[in-house]
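Geometric and topological summary
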Amino acid sequence: MKIIKKGRNKADLLNSLEKIKDDFKNKIKEYDINISKIEDGYNVKAEKSIIFVKFWVDADIVAGEEYYEVTWKTNAPENKVAAAMDNVKDVLEKV
């Protein structure tokens, strides 16, 4: 998923990511969240256990010149992932 940020350079977008890490945690707070810095962005690992099944998402949010790119792997149901990615997109579009 790519979020276009016209007129924003990579350094500016990386600084914005640093400032909004807590927003991500709050948007998807029903999961156990771990956010770590990677080259050009952040890795977000989220897990949630339901009964005896552990669902997880491993996502990278990378900043480029005038865009954010979000990629992910998961074992969660697609409808749940789509809702979570909508929240991520909302946060990234506002910064």
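All of the points below concern the structure found in this document. (Residues numbered from 1 in each chain as written. Predicted model: local features only at pLDDT ≥ 70, side-chain atom pairs only at ≥ 80, totals over all residues. Heavy atoms only, no water.)

Here's the deal with the packing of aromatic side chains
Scanning the entire structure with this criterion turns up 0 aromatic pairs. Taking the ring centre of Tyr67 as reference, the NZ or CZ of Lys2 above it sits at 4.3 Å. Between the NZ or CZ atom of Lys37 and the centre of the ring of Tyr42, over which it lies, the distance is 5.2 Å. (Phe/Tyr/Trp six-rings, centres within 6.5 Å; stacked < 30°, edge-to-face > 60°. Lys NZ or Arg CZ within 6 Å of the ring centre and 35° of its normal.)

Digging into the pattern of salt bridges
A complete count under the given rule lists 3 salt bridges for this structure. Across the salt bridge formed by Asp12 and Arg8, the nearest N and O atoms sit 2.4 Å from each other. What makes Asp12 partly exposed here is its relative accessible area of 31%. The exposure class assigned to Arg8 is buried, which follows from its relative accessible area of 18%. Of the charged contacts in the structure, one is a salt bridge between Asp40 and Lys10, with a shortest N-O distance of 3.1 Å. Taken together, the residues Asp40 in the loop between strand 2 (32-38) and strand 3 (41-50) and Lys10 in helix 1 (residues 10-27) connect sequence positions 30 residues apart. Relative accessible area serves as the criterion here: at 26%, Lys10 is assigned to the partly exposed category. (Salt bridge = Lys/Arg side-chain N within 4 Å of Asp/Glu carboxyl O. Buried < 20%, exposed > 50% of the residue type's maximum accessible area, 1.4 Å probe, protein only. Helix = DSSP H or I, 4+ residues; strand = E, 2+ residues; numbered from the N terminus.)

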